[in-house]
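Survey of secondary and tertiary structure
Chain residues, written in single-letter form:
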Amino acid sequence: MIEVVDIEEKLALFSESWQPKIVGQVNDTLVKLVKFTGDFVWHHHDHEDELFFVVHGKFTMKLRTGDVVVNAGQFVTIPHGVEHCPCAAEECSVMLLEPVTTLNTGNVRNERTLERLERL
């Protein structure tokens with residue numbers, strides 16, 4: 001079935017931070033929406049690259065080689081193996097493009113690890 005996805009409508013369905021929601025899929029890549037507030041956890045992904053597109057707000061992607069700020073309308077791609085830690089001083093809405101195998105906390109397992117994601 002072909003569906004038009006309204007990003008604003010989907011973002012209005014949840015308020016919690018750091019809990020990505022699946023809103024679409026292209027082949028083996030999931031399209032997710034997530035809200036960032038505060039710091040996440042330092043981690044990396046052994047096999048998956050990730051794309052972070054900022055819908056609203058801005059966030060800092062902390063990297064061991066230097067931080068980058070990503071503003072609304074911009075995206076950053078983090079290659080597999082690169083340790084990173086997203087953080088946002090104020091709530092930020094982000095669209096993620098990630099392979100279906102991507103675990104939100106990568107090589108780290110803790111209270112923020114989500115084994116299964118909600119599909120909106």
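Anyway, here's the lowdown on the structure attached to this text. This structure is a prediction, so every number in the text was calculated from the model and none was measured.

1. Considerations on the nonpolar core
One finds F36, F52, F59, M61, V76, C92 and V94 to be the most contacted residues of the largest nonpolar core, which totals 17 residues. Broken down by secondary-structure element, the contributors of at least two residues to this core are β2 (29-39), β3 (50-56), β4 (58-63), β6 (75-78) and β7 (84-99). No other element matches the four residues that β7 contributes to this core. Those residues within four positions of F36 in sequence are excluded, and the remaining contacts are S17, W18, F52, F59, P86, A88, E90, E91, C92 and V94. Core analysis: the next-biggest nonpolar cluster, separate from the first, contains seven residues, L11, F14, V31 and V55 among them.

2. Things to note about the pairing of β2
Remember that side chains alternate between the two faces of the sheet whenever the strand is regular. Sheet topology places strand β1 (residues 21-26) next to β2; five bridges connect them, and they run antiparallel. Note that in β2 the partner of G24 across the bridge is V31. Across ten bridges, β2 lies against β7 in antiparallel orientation. Counted as the bridge partner of K32 is L96 from β7.

3. Focus: the packing of aromatic side chains
Going through the model one piece at a time under the given rule, you end up with five aromatic pairs. Ring geometry for W18 versus F40: centroids 4.8 Å apart, planes at 25°, classification stacked. Residue W18 is found in the loop between α1 (7-11) and β1, and its partner F40 is found in the loop between β2 and β3; the two are separated by 22 residues along the sequence. By the burial criterion, W18 is buried, and F40 matches it. Aromatic pair F52 and F59: ring centres 6.0 Å apart, planes at 45°, arrangement tilted. The structure contains a cluster of three or more aromatic residues connected by ring pairs, namely W18, F36, F40, F52 and F59. In this arrangement the basic side chain of K21 is found over the ring face of F14, its NZ or CZ atom lying 5.6 Å from the centre. K35 extends its terminal NZ or CZ atom over the ring of F14, reaching a point 4.9 Å from the ring centre.

Parameters at a glance
Residues numbered from 1 in each chain as written. Predicted model: local features only at pLDDT ≥ 70, side-chain atom pairs only at ≥ 80, totals over all residues. Heavy atoms only, no water. Core = buried A, V, L, I, M, F, W, Y, C linked by side-chain atoms within 4.5 Å. Buried < 20%, exposed > 50% of the residue type's maximum accessible area, 1.4 Å probe, protein only. Helix = DSSP H or I, 4+ residues; strand = E, 2+ residues; numbered from the N terminus. Contact = heavy atoms within 4.5 Å. Pairing = 2+ DSSP bridges. Phe/Tyr/Trp six-rings, centres within 6.5 Å; stacked < 30°, edge-to-face > 60°. Lys NZ or Arg CZ within 6 Å of the ring centre and 35° of its normal.

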